[in-house]
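Chain and residue survey
Each chain, written out:
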Amino acid sequence: MSTNTPLGTVALCLSGGGYRAAAFHLGTIDMLNELGLLDNVKLLSTVSGGTFTGMSYAMWRVDQPNLAEFDKFYKEFYCFMVDNNIIAKALKLPTNEREHNSPKAVSLIRAAADIYNRQVPYSKGKTFGDLYDGEGNLKAPFDDLIFNSTEFLRGNSFRFRASKSDRVDIGNKFFDIDLQSAKHLRLADIAAASSCFPGGFEPLLFPDEFDWKKENSVRLTDSYLEELAAYYFESDKYYAELPENPNSPIPVKPTKLGMQTTIVGREIILENYIHKLDDYYQSLAVYFQNIANNIPNKFKPTKPKSDFITENLTLRCDEDGKPVSIPLMDGGVFDNQGIASIIMADERKDSNIDLFIISDTNQRNNEMLQPQAKFNLAEMLKLPETSTIAKLAEKPLAKAVGDIWSKVFWFAAAIGGISLVYAISLLYKIFTFVTNNAFSWANAVWMTFFYFFPFIVMILLIGLACGVFIAKSKFNKFLAEHTETPVKGSKFKLLRFVEKITLNDVGNLVSTRLTSLVTMSANVFMKAIRGEQYEHLNQYDANKLLSKGESVKTSGRIAYNLIYDLNPTNKRVKLWKADSDTIPTEEMVKISKNAEAVGTTLWFNKDSGELKNLVICGQITVCLSIMKFLFDQRGTIPDEPNSPYHELYMHVKERWMKLKQNPEAYYRNV
């Protein structure tokens, strides 16, 4: 173990799941603090709702000498979730009242980011740089803080990562941000990117829609610098036109002088030339880095293959040299548990994680797609079955359209006929006024309102009737001429199919497809990704333990803290048989069921008791997770006095037994 405590260094993953996740994770870290284990947490990987809790805790913790004031953090974050309906507040925030110079288009996620910046405890008004001390080191007690999002340009993870190691990337391998630039990022924008769920929000564009200071934010990536160096080495014309820079002179190209000497001499000269070439490339890279803001477009490769960052930190350029923004969305799209990030952190040579705690609020979906009732337009609009709309919805589309056209035609014709009578009367009145010399302004106004307007209406309605008649004729002709529709070399009678189905049939076809698409993306894909991440972590842990010569069965490093652990799908027969005290009570099971049933939202109903129930569920569940982990370390209950885990196990079990008697034993009413 790397520390004096039995569990050593802990990496804590806080999954996504909106406020359900934020509240459950609050209960989890609260109980870890009660158990004396929270100071063991040196690495945090957070996603979406987990980022709210993890980021707030991290910002609070780095400014505290110890955990003595943890209750203050607990109460403030609890109150934040009680008082803040993020969506409702974001909808009220006009675009022109935004705190930074954002595009004028309405954006719910940008508004939400401003709400986070005003409301989320301890991270409000803070930047990524506030996680670091004056010497540029990540503040204690953390080794790594990783806030996960997903970039939709290439479909990869995008990690905002603060680390004690200087061998880490911020972003990903395709789009990396240098630390000095990242320090200017608002934590609120990072939280928004991490929780930007598709469908509920639009993508948050990086860097365009992030609020940060642009100065000192220019960096060219190594791959692009190498490409620039090669480009100018081969182009004498452009090389001669490079702008002078007093802080970094243009390096002189090396030459192969003296190649006419002996073979041995040529080898020595060639070797020296290669060394000079390396020095040249490094010098040219420094030069370009220093003039990064002012590299003229003509000096850039016309089709850059590598990544680079311009003065506005817009990553990558297209073939025309135009910058391309990175659309960022919820980290859960790529990895909803943040597992891949923790594995990446553990793969570093200087990393020494002793325990992974995966706090996961993912809901079980045993029946993802239920059979739907047939779509009924009248029922959806709450209209009687005898209504005109209800009858039209049950007719074939062609006939329904024909009936509508006929009704519109006869309505237009009837009103047009009445208007025609008015028009004839108008002409008669005009004739009478003219022949009797009775024209006056009063008569003119009277005629305008009572005769001229109906005349205009007549013209419009007669035109509408003619238009409907022509459109119907053309539609019938189109159906007759296009009985078959060619699609990729084959022909389908699509129009005849559309001609015969009803409007209710169309509604049914559309609704079932939309439901299946939502189920596929929100449930099936998420379940598959989650399974793969869990399998990846299990296999990674097993391989690392085997490489150290340790037994996988007795030395696993993973504690799963799942929201439904108190009500598991598969009963823990082995654990419960060995220690019957670990069996949850019926009240605990009920708490778990209610917690799992809470939807993925960014608000709580204050009167529902959901927040309280979730916090309690997190407290209870992590107790069980730690006991199960300690049990798995030995294969037997670690209750023997000589066990290295005996004291900790009994310490956790004492809290567990207290919770069995009263699940609210550690809940504080705020």
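Scope of this entry: the structure provided in the associated data block. (Residues numbered from 1 in each chain as written. Predicted model: local features only at pLDDT ≥ 70, side-chain atom pairs only at ≥ 80, totals over all residues. Heavy atoms only, no water.)

1. A word on unusual backbone geometry
With an omega dihedral of 10°, the bond running from A140 to P141 counts as a cis peptide bond. Examined against the element boundaries, P141 turns out to sit in the loop between α5 (108–119) and β3 (144–151). The residue after F206, namely P207, is reached through a cis peptide bond having omega 0°. Even without being a glycine, S48 presents a positive backbone phi close to 50°. Tracing the sequence through the fold places S48 in the loop between β2 (41–47) and α2 (49–61). Using a relative accessible area of 7% as the deciding quantity, one classes S48 as buried. (Helix = DSSP H or I, 4+ residues; strand = E, 2+ residues; numbered from the N terminus. Buried < 20%, exposed > 50% of the residue type's maximum accessible area, 1.4 Å probe, protein only.)

2. Quick look at the pattern of salt bridges
The final tally for this structure, using the stated rule, is 21 salt bridges. The shortest N-O distance in the salt bridge between R186 and D211 comes to 3.9 Å. Residue R186 is located in the loop between α6 (179–182) and α7 (187–194), and its partner D211 is located in the loop between β7 (204–206) and α8 (222–233); the two are separated by 25 residues in the primary sequence. A relative accessible area of 5% places R186 in the buried class. On the accessibility criterion, D211 (24% relative accessible area) is partly exposed. (Salt bridge = Lys/Arg side-chain N within 4 Å of Asp/Glu carboxyl O.)

3. Here's the deal with the nonpolar core
Of all hydrophobic cores here, the largest spans 126 residues; its most connected members are Y57, M81, Y116, F128 and F160. If near-sequence neighbours (up to four positions away) are discounted, F160 is found in contact with F128, L145, I146, F147, S149, I170, I177, L185, I190, A193, F210 and L328. (Core = buried A, V, L, I, M, F, W, Y, C linked by side-chain atoms within 4.5 Å. Contact = heavy atoms within 4.5 Å.)

4. Re the packing of aromatic side chains
Between two aromatic rings, the relevant description is the distance of the centres plus the angle of the planes. Within the structure shown, the criterion is met by 22 aromatic pairs. Look at Y57 and F73: their rings are 5.9 Å apart centre to centre, the planes differ by 65°, and that puts the pair in the edge-to-face class. Of this pair, Y57 sits in helix α2 while F73 sits in helix α3 (residues 70–83), placing them 16 residues apart in sequence. We note that Y57, like F73, is buried. Every member of this aromatic cluster is reached through a ring pair, and the members are Y19, Y57, W60, F70, F73, F77, F80, Y122, F142 and F604. One residue, R668, lies across the ring of Y74, its end atom 3.8 Å from the ring centre. (Phe/Tyr/Trp six-rings, centres within 6.5 Å; stacked < 30°, edge-to-face > 60°. Lys NZ or Arg CZ within 6 Å of the ring centre and 35° of its normal.)

5. Thoughts on helix α22 (residues 646–661)
Think of an α-helix as turning once every 3.6 residues; residues three or four places apart then point the same way. Taking 1.5 Å per residue as the helical rise, α22 with its 16 residues ought to reach 22 Å, and the 23 Å between its terminal C-alpha atoms agrees with that figure. Buried within α22 are the following residues: L648, Y649, V652, K653, R655, W656, L659 and K660. Buried positions in α22, seen along its axis, are confined to an arc of 160° and lie on one side of it. Looking at α22, the residues exposed on the side facing more than 90 degrees away from the buried face are E647, E654 and Q661. (Expected span 1.5 Å × (residues − 1). Arc of directions from axis to C-beta.)

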